[in-house]
Amino acid sequence: MNSLAEPKKWERFFWPVLATAALFALWHFAVVWTATKVFPSPLDVEKGIAQLLRKNILWMDIADSLRRVAFGFGAAAFLGIPIGLMLGWYPAANRVVNPAIQLVRPISPIAWIPVSIIFFGIGDKAAIFLIFLSAFFPILVACVHGVVTVPSIFRRAGMNFGLTPFQILQKVVFPAVVPEIIMGLRIALGIAWLVVVAAEMIAVDSGLGYLVIDSRNSGKRYDLVVAAMLMIGAIGLALDLVFRRLGKLKSVRWGFRDAS
Amino acid sequence: MGVVTTPPAIGTKLSVDHVHVVFKRDGKTISVLEDINLEVRSGEFICIVGPSGCGKSTLLNTMAGFLAPTSGSVNIDGEAVRGPDPRRILVFQERGVFPWLTVEENIGFGLFRLPRAERDQRIARYVELVRLQGFEKAYPSDLSGGMRQRVQVARALAVNPDVLFLDEPFGALDSITRLLMRGELLRIWEAERNTVIFVTHDIDEAVQLADRVVVMSSRPARIDRVTTIDIPHPRNISSPRYLELRDAIYEQIGLAYTL
């Protein structure tokens, strides 16, 4: 296949599906050939998923994980976007707080687990706090960067047409930054979904992360461990697709010229 | 320093009086504009030409109020320019249209104070003037470079400015589109009769468009000379008079007209 040629419609679905099927086949035969007693085959995992669904555990765990991400990520967006826009708009303020932000930002949310348990105890709040931390900084940084890099030509055009500084922020800078905000939210949601699993292994007793660790601890049910892992992957993909869709909206598409 | 403002001559729209612009960079001071004086009549089409980086854009930005002169003053209708103003709009070389707005939203951008019906009417009028009917709902990323510049010109004209500043507006277009756009601009100018100050590094473009061509020297930029183009529109660009005027400017800039 020539890489310059536009793939045909059926090809765009056929090859990825084939590749995924091949991966599952490889997994299946690897289990069969090595005759392992511990690691489950795809069929075992499928049975595991069915069992979890029957007992309604899976839906509850998915709902709990999504709820935690929704609160943590929602709070991060609710605070991160306005604060980021402000810091980008007032470079003097940004210069004051930026060093502190850059110091806190590289700390893995995992390292915050003990601190969050001191703050909030074992439970939902601790997990939500960790997700908030993990999502807040990517959103903040994307917004600041977006505002700072708005081409001066746009601001000057806004000034020329007699807009007040607030109107320039509202009608010029904000729409100019929306693609970058969407990009920041997409990255933040990806990280939040990674972190919720880790947080649920330690701070709470429900959710997909808890399902993974609990399935292992209570009877080494690796079929359920892998089933939970696959669910985590599938939901993470679905969440990412939502944000990829947002990037295709006409009023923001210009900002994603060469992104997927 | 005390600047004596003399009352404007009859018909003078814009006057530049002893404008100096000095930039400070890395502790060095660079004189960009040196004692610029210019009077532009109402409804006149002025082209400013000069070598790249000579300071023509700086002069334009100073006239448009985006840059305060280090000394001297710019007056429009006898009033000192203190900042950008919707009565005089600057058209940028490229990427000046807002990519998140459609063609009609871009053209209506400066009309936010008008009631809706009037705004829609004006938008329709300027869409037609720049011949973009059928593209009202298109986004700039779906348009060609020439069409984007039409949107920018329409957006500027829609607020009914007295003065239109254009900063190499066709500089990023291919030569055929550039030629077509010049014709379009003249057609629009004859309909609207704004005062136009047009910066270009293309001498042919200047002689084809302008009533007067202002030739600037390299840094620090001074006005070398002002040539009146006394050929009525539409101009025959192979007439002896056209070639004579054009070649005189080439010579002025120090380009022997042979390659």
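Up top is the structure these notes are about.
Residues numbered from 1 in each chain as written. Chains lettered and ligands numbered in written order. Predicted model: local features only at pLDDT ≥ 70, side-chain atom pairs only at ≥ 80, totals over all residues.

Chemist: With reference to specific residues and values, describe the overall build of chain B.
Modeler: When you go through chain B residue by residue, the secondary structure sums to seven helices and ten strands. Since a compact globule built from 259 residues should have a radius of gyration of about 18 Å, the 19 Å found for chain B is in line with a globular shape. By principal-axis analysis of the C-alpha atoms, chain B measures approximately 45 × 45 × 45 Å. Relative to all contacts within chain B whose residues are 6 or more apart in sequence, the contacts with residues 24 or more apart total 70%. (Helix = DSSP H or I, 4+ residues; strand = E, 2+ residues; numbered from the N terminus. Rg over C-alpha atoms; globule rule 2.2 N^0.38 Å. Contact = placed C-beta atoms within 7 Å.)

Chemist: Could you give me a rundown of the overall build of chain A, with the residues and numbers involved?
Modeler: Scanning chain A from terminus to terminus reveals eleven helices and zero strands. Listed by position from the N terminus, the elements making up chain A come as α-α-α-α-α-α-α-α-α-α-α. Referenced to the eigenvectors of the C-alpha coordinate spread, the extents of chain A come out at roughly 75 × 55 × 30 Å. A burial count over chain A gives 34% of its 260 residues as buried. Expressed as a percentage of contacts within chain A between residues at least 6 apart in sequence, the contacts between residues at least 24 apart total 71%. (Buried ≥ 20, exposed ≤ 12 C-beta atoms within 10 Å, placed from the backbone.)

Chemist: Which residues make up the interface of chain B and chain A, and what values go with them?
Modeler: In this complex, chain B contributes 16 residues to the contact, which on the side of chain A involves 16 residues. Partitioned by chemical class, the residues of the side of chain B that touches chain A number twelve nonpolar, three polar and one charged. (Nonpolar A, V, L, I, M, F, W, Y, C, P; charged D, E, K, R; others polar.)

Chemist: Lay out the packing of helix 3 (residues 57–89) of chain A against helix 9 (residues 208–217) of chain A with the relevant residues and their values.
Modeler: Residue and element names in this part refer to chain A. With their axes 7 Å apart at the nearest point, helix 3 and helix 9 run at an angle of 130° to one another. Judged on the interaxial angle alone, helix 9 and helix 3 are oblique. Contacts between helix 3 and helix 9 involve D61, I62 and S65 on the former and, on the latter, L208, Y210 and L211. Per-class residue counts for the contact of helix 3 with helix 9 are four nonpolar, one polar and one charged. (Axes fitted to C-alpha atoms, helices over the stretch in contact; angles between N-to-C directions. Parallel < 35°, antiparallel > 145°, perpendicular 65-115°, else oblique.)

Chemist: Could you give me a rundown of the sheet that holds strand 4 (residues 71–76) of chain B, with the residues and numbers involved?
Modeler: Residues and elements named next belong to chain B. If you walk across this open sheet you meet the four strands as 2-1-4-5, and the pairing is antiparallel. Either end of the sheet is taken by a strand with one partner, and the two such strands are strand 2 (28–41) and strand 5 (79–80). Across ten bridges, strand 1 (residues 12–25) lies against strand 2 in antiparallel orientation. Following the sheet pairing, V16 is matched in strand 2 by L38. Along the sheet, helix 1 (residues 56–64) contacts strand 1, strand 2 and strand 4; its crossing angle with strand 1, the most-contacted strand, is approximately 120°. (Pairing = 2+ DSSP bridges.)

Chemist: Go over helix 3 of chain A with me, naming the residues and quoting the values.
Modeler: Along its 33 residues, helix 3 of chain A runs 47 Å from first to last C-alpha, staying within 8% of the 48 Å computed at 1.5 Å per residue. Of all the bends in helix 3 of chain A, the greatest reaches close to 25° and is centred on G80 of chain A; the proline P82 of chain A follows between one and four positions later. (Expected span 1.5 Å × (residues − 1). Bend = angle between axes of the 7 residues up to and from the residue.)

Chemist: Account for helix 1 (residues 9–34) of chain A, naming residues and giving values.
Modeler: All names here are of chain A. Here helix 1 contains 26 residues, and its C-alpha end-to-end distance of 38 Å stays within 8% of the 38 Å for a straight helix at 1.5 Å per residue. Counting buried positions over the 26 residues of helix 1 gives zero, only a small fraction of the element. Backbone geometry just after helix 1 places A35 at a positive phi near 50°.

Chemist: Lay out the environment of E251 of chain B with the relevant residues and their values.
Modeler: Residues and elements named next belong to chain B. With respect to the helices and strands, the residue E251 is situated in helix 7 (residues 240–253). By C-beta crowding, E251 is classed as exposed, having 11 other C-beta atoms within 10 Å. In this structure the C-alpha to C-alpha distance between E251 and R182, which are 69 residues apart in sequence, comes to 24 Å.

Chemist: Hey, could you go over unusual backbone geometry for me, with residue numbers and the actual values?
Modeler: Negative phi is the rule for most residues except glycine; trans is the rule for most peptide bonds. All names here are of chain B. Cis geometry marks the peptide bond from H233 to P234; its omega dihedral reads -10°. Structurally, the position occupied by P234 is in the loop between strand 10 (223–228) and helix 7. Despite not being glycine, H18 shows a phi value in the positive range, around 45°. Here H18 shows up in strand 1. According to the C-beta neighbour criterion, H18 is partly exposed, with 15 such atoms within 10 Å. Although it is not a glycine, D35 sits at a positive phi angle of roughly 50°. In this fold, D35 is placed in strand 2.

Chemist: Would you mind going over the environment of F24 of chain A in detail, with residue names and values included?
Modeler: Residue and element names in this part refer to chain A. Topologically, F24 is positioned in helix 1. Overall, the presence of 13 C-beta atoms within 10 Å leaves F24 in the partly exposed class. Separated by 195 residues in sequence, F24 and G219 have C-alpha atoms that sit 25 Å apart.

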